[in-house]
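# Working through the structure, step by step
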Amino acid sequence: MDMRTDASRRAGATTVETGTQPSVNRLVVVSNRLPFILSVQDDGGCSLVPGAGGLVSALAPVLRNRGGMWIGWPGSTARNIPDLDRVLLNATRDSGYTLQPVELGEEEKEKFYRGFSNEIIWPLFHDLQSDCNFDPSYWNVYRSVNSKFAQAILATHRDDDFVWVHDYHLMNVAHELRSNGLTSRIAFFLHIPFPPLDIFAKLPWRFQVLTSMLDYDLIGFQTLRDRRNFIQCARLLDPDLSLSGKGQVTTLNTREREVRLGAFPIGIDYTEFAKKAASGDVTAMADLLHKDLPNRQIILGIDRLDYTKGIRHRLEAFCRALQRFPDMHQRVTLVQVVVPSREDIPRYHEMRVEIERTVGEINGQFTQSGWVPIHYIFRNLTRVELLAYYRASHIALVTPLKDGMNLVAKEFCAARIDENGVLILSEFAGAAAQLQRGALIVNPYDVEDVAEAIHHAFIMPDGERHQRMRKMRRSVREYDIFRWVDSFLRAAIAKDLGDFPLPEEYVPHMETVVL
Ligand code: F6P
């Protein structure tokens, strides 16, 4: 049991100061996007709005405490924005850290962001290799943009900096830094899954990507399964690679260096979610949702528009459930929220059209006077709306075809201050390794299985709902976002992994035993 107080964990204090652990000095966070979204007006002026998300709230206290910098793309391809430096400075004036923009031009956005990152790595790492566009021109631009990020790091680098790079857009950054002579510690966290060997091997640049990744000192994955996949792929390069140490963090010994590999399931700010969920405006809106749908169980799906989320499969499963279980007619409403995303990529636009057509077909088939089975919402929800839907729903359907973690599953649990609600969760979401004891675990490709789980949830007695939800909430609370940052930094800086403080209950939660 972690006995540290919430306050000390939030400040990132124990990570860097207690025991015999060496300390992290200035923290340099590097991610494709900055934690602020830039909008550029027609007259050339610009403004920044804070990006939502757990990563920012988890890292902000550590950055504030240690001092630091966040390096990333501000999200616009407009060049030489006159006001940019001032606006960036203002945005973090009281935060203790600074923002360093990496500007990308149109071609870079096209081939690095939309191309290599989102038409190759994104589908491949989600096991959807037939969705990949292995355009040969993408790789060089991916490399050159990673080099650009490395130059931004080097431009302000101090010897005692701790550089923490995030996600699949930036797998080559350590390699570029090493090529420029940097020897200090560099860590990387992959937020999305790492695919099995047979799938990864399809990548035309597989050896280059693996070699580059091994230039990091610590690579963090979401689950043990992702780490196992990575180790099997690394053996492509050198079948004699040796591993030492078991548990959350192991060491891979390559000919040149040692690389630590760890599984760190990302969490959410549980306390904040639970607190906001209990607020008056959320409660009022949740009551309103119930009043509007009397005598109904609300089934909730909330997803970013993405083909990995399994929205179409889910709709088919819901349709199948209505065909097989007439006792659900007039008694359930599926609220499917789709949050717009990557809309300028044609595959995403096609998917939207397909979802909307399927919703129309199902509603056309089952609607009766006073009952429309699917309420479809295509927009961003406000925080209050999101929490109200979590609180008002009886069942959450989280059925991605593959997902690094899936934070909707964890947010749903945190928001259930009544300790009620059933979570139906895909076995291919990273969160399944942690929540499998409370959720109904399904194979999202198996329409009959998901249809049965929906009906199972519909008729589940209250006692069982509470018991399951309590287990999940406990786990989401214990392994929150602050613990994630804390354990990652500890693994990066510990001199001896033998002393790495693994909480006793941690490993069993992370074993994926569903398969
Ligand atoms: O889930 C991966 C991720 O990159 C998130 O970090 C991000 O919120 C989302 O996909 C959308 O990302 P983007 O708009 O940068 O492609």
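Remember, predicted model here, so these are calculated numbers, not experimental data. Residue numbers here run from 1 along each chain, matching the order of that chain's written sequence. Only residues with pLDDT of 70 or above have their local features reported here, since the model is predicted, and side-chain atom pairs are shown and tallied only from 80 upward, although totals for entire chains, interfaces and linings are computed over all residues. Hydrogens and water are ignored here; the side-chain numbers use all heavy atoms of the structure.

## Overview of the sheet that holds strand S14 (residues 374-378)
Paired strands, in this sense, are two strands between which DSSP finds at least two bridges. Secondary structure is summarised from DSSP: a helix means a run of H or I of at least four residues, a strand means a run of E of at least two, and numbering begins at the N terminus for each. Judged by pairing direction, the sheet is parallel, and its 6 strands sit side by side in the order S14-S13-S12-S15-S16-S17 without closing on themselves. In this open sheet, the two edge strands, each paired with only one partner strand, are S14 and strand S17 (440-442). Looking at each pair of strands side by side, their axes are set apart by 20° on average, direction ignored. Both strand S13 (residues 332-339) and S14 contribute to a ladder of 5 bridges, which runs parallel. Considered in S14, the bridge of Val338 is made with Phe378. Pairs of residues are marked as contacts when any of their non-hydrogen atoms sit within 4.5 Å. Each axis is a line fitted through C-alpha atoms, and for a helix only the stretch in contact is used; angles between axes span 0 to 180 degrees, taken between their N-to-C directions. Running at roughly 140° to strand S12 (residues 297-304), helix H15 (residues 383-392) makes contact with S12, S13 and S14 of the sheet. In this fold helix H18 (residues 447-459) packs onto S12, S13, strand S15 (395-398), strand S16 (422-426) and S17, with an angle of close to 170° to the strand it touches most, S17.

## So, the environment of Val282
Following the sequence through the fold, Val282 ends up in helix H12 (residues 280-292). Contact partners of Val282, with chain neighbours within four places excluded, come to Lys276, Ala277, Val384, Leu387, Ala388 and Arg391.

## With respect to the nonpolar core
Ranked by size, the top nonpolar core spans 97 residues in total, and within it Phe194 and Phe230 carry the most contacts. By residue number, the principal contributor to this core is helix H6 (residues 136-155), which donates 9 residues. Each domain's extent is set by a domain assignment, obtained either automatically or from a database. Each of two domains, domain 1 (6-267 + 481-510) and domain 2 (270-478), supplies a minimum of three residues to this core. Contact partners of Phe194, with chain neighbours within four places excluded, come to Phe125, Phe200, Leu210, Met213, Phe221, Asp226, Asn229, Phe230 and Cys233. Nonpolar cores are built from buried Ala, Val, Leu, Ile, Met, Phe, Trp, Tyr and Cys residues. Side-chain atoms within 4.5 Å join them into one set. Using a 1.4 Å probe on the protein chains alone, a residue whose accessible area is under 20% of its type maximum counts as buried, one over 50% counts as exposed, and one in between counts as partly exposed. Within the second largest apolar cluster, 80 residues are counted, among which are Leu218, Ala409, Ala431 and Ala492.

## Focus: the pattern of salt bridges
Basic side-chain nitrogens of Lys or Arg form a salt bridge, by our definition, when they fall within 4 Å of a carboxyl oxygen of Asp or Glu. Throughout the structure, instances matching the rule amount to 30 salt bridges. Close ionic contact of Arg178 with Asp217 constitutes a salt bridge, the shortest N to O distance being 2.8 Å. Placement of Arg178 in helix H7 (residues 173-179) and of Asp217 in the loop between helix H9 (206-213) and strand S8 (218-221) is noted, with a sequence separation of 39 residues between them. With its nearest N and O atoms 3.1 Å apart, the salt bridge here joins Arg379 to Glu385. The partly exposed category is assigned to Arg379, whose relative accessible area is 37%. One salt-bridge network, held together by shared partners, links Lys109, Glu110, Arg114 and Asp344.

## Quick notes on the confidence of the model for the chain
A residue's pLDDT is the predictor's confidence in that residue, given on a scale from 0 to 100. Scored by pLDDT, the chain has a mean of 89; 91% of the residues are at 70 or more. A low-confidence stretch, residues 1-22 (pLDDT under 50), is modelled with 43 contacts involving residues beyond four sequence positions or located in other chains. Between residues 501-515, whose pLDDT stays under 50, and residues either more than four places distant or in other chains, the model counts 41 contacts.

## Digging into the site of the ligand
The ligand sits among Arg33, Tyr113, Trp122, Tyr168, Arg304 and Arg342. Contact between the ligand and Arg33: an oxygen atom at 2.6 Å from a side-chain N or O atom of the residue. The side chain of Tyr113 places a nitrogen or oxygen atom 2.5 Å from an oxygen atom of the ligand. Taking 390 Å² as the accessible area of the ligand by itself, protein coverage stands at 62%. By the convention adopted, Pro, Cys, Tyr, Trp, Phe, Met, Ile, Leu, Val and Ala count as nonpolar, Lys, Arg, Asp and Glu as charged, and the other residues, Gly among them, as polar. Counted by class, the shell around the ligand contains 3 nonpolar, no polar and 3 charged residues. What makes a residue near a molecule or strand is one non-hydrogen atom of that residue sitting within 4 Å of it. N or O atoms closer than or at 3.5 Å make up a polar contact, with two conditions inside protein: a donor-capable atom paired with an acceptor-capable one, and, for residues adjacent in sequence, both atoms drawn from side chains. Using a 1.4 Å probe, the Shrake-Rupley method yields the accessible areas, and only the shown protein chains count as cover for residues.

## Describing a nonpolar patch on the surface
Here the term patch refers to residues with relative accessible area over 30% and no salt bridge, with like charges joined within 9 Å and nonpolar side chains (Val, Leu, Ile, Met, Phe, Trp, Tyr) within 5 Å. Residues Phe207, Leu236 and Leu237 make up a contiguous nonpolar surface patch of about 210 Å² in total accessible area. Topologically, Leu236 is positioned in helix H10 (residues 224-237).

## Focus: unusual backbone geometry
The phi dihedral of Asp127 falls on the positive side, at around 65°, and the residue is not glycine. One can find Asp127 in the loop between helix H5 (106-125) and H6. Classification of Asp127 as partly exposed rests on a relative accessible area of 26%. Within the chain, Asn406 stands out as a residue other than glycine whose phi angle is a positive 85°. Looking at the secondary structure, you find Asn406 in the loop between S15 and helix H16 (407-415).

## Quick notes on empty space enclosed by the protein
Definitions used throughout: a 1 Å grid over protein atoms alone; a cavity as a set of points that fits a 1.4 Å probe which cannot get out; a pocket as an open set with protein on both sides within 12 Å along at least five of seven lines; a lining residue as one with an atom within 4 Å of a point. Grid points are joined across faces, edges and corners, and a volume is the space filled by probe spheres set on the points. Within the structure shown, the criterion is met by 3 cavities of 30 Å³ or more. Tallied by class, residues from the lining of the second largest cavity come to 3 nonpolar, 4 polar and 4 charged. The residues that make up the lining of the second largest cavity include at least three from each of domain 1 (6-267 + 481-510) and domain 2 (270-478).

## Considerations on the domain arrangement of the chain
Per the domain assignment, the segments of the chain are domain 1 (6-267 + 481-510) and domain 2 (270-478). Placing the centre of domain 1 and that of domain 2 at their C-alpha centroids yields a distance of 30 Å. Between domain 1 and domain 2, the contact holds 29 residues from the first and 26 residues from the second. We define buried area as the total accessible area lost by two parts upon association, computed with a 1.4 Å probe and summed across both. Each partner contributes to the roughly 2200 Å² buried at the junction of domain 1 and domain 2, and carbon and sulfur atoms together form 49% of this total. Here domain 1 is connected to domain 2 by 4 salt bridges. Salt-bridge contacts for Asp344 lead to Arg114; the nearest nitrogen and oxygen are separated by 3.7 Å. Summed over the shared surface of domain 1 and domain 2, the number is 9 residue pairs in polar contact (both at pLDDT 80 or more).

## Overview of helix H11 (residues 270-277)
For an α-helix, the turn length of 3.6 residues means that residues three or four places apart are oriented alike. Considered for burial, the residues of H11 that qualify are Tyr270, Phe273, Ala274 and Ala277. Looking straight down H11, one finds its buried side chains confined to an arc of 95°; they lie on one side. The arc in question is traced by the directions running from the helix axis to the C-beta atoms.

## Here's the deal with the sheet that holds strand S11 (residues 258-263)
Overall, mixed pairing links the 9 strands, which are arranged S5-S4-S1-S6-S7-S8-S11-S10-S9 in an open sheet. Of all the strands in the sheet, the pair left with one neighbour each is strand S5 (97-101) and strand S9 (242-244). Going from strand to strand, the sheet's axes swing by 20° on average, the running direction of each strand aside. Judged from the 5 bridges that link them, strand S10 (residues 249-253) and S11 form a sheet pairing that is antiparallel. The partner of Asn253 across the bridge, within S11, is Glu258. Sheet strands in contact with H10 are S8, S9, S10 and S11, and its direction is about 150° off that of S11. With respect to the sheet, helix H20 (residues 481-493) is in contact with strand S6 (162-166), strand S7 (186-189), S8, S10 and S11, its orientation differing from that of S6 by roughly 125°.

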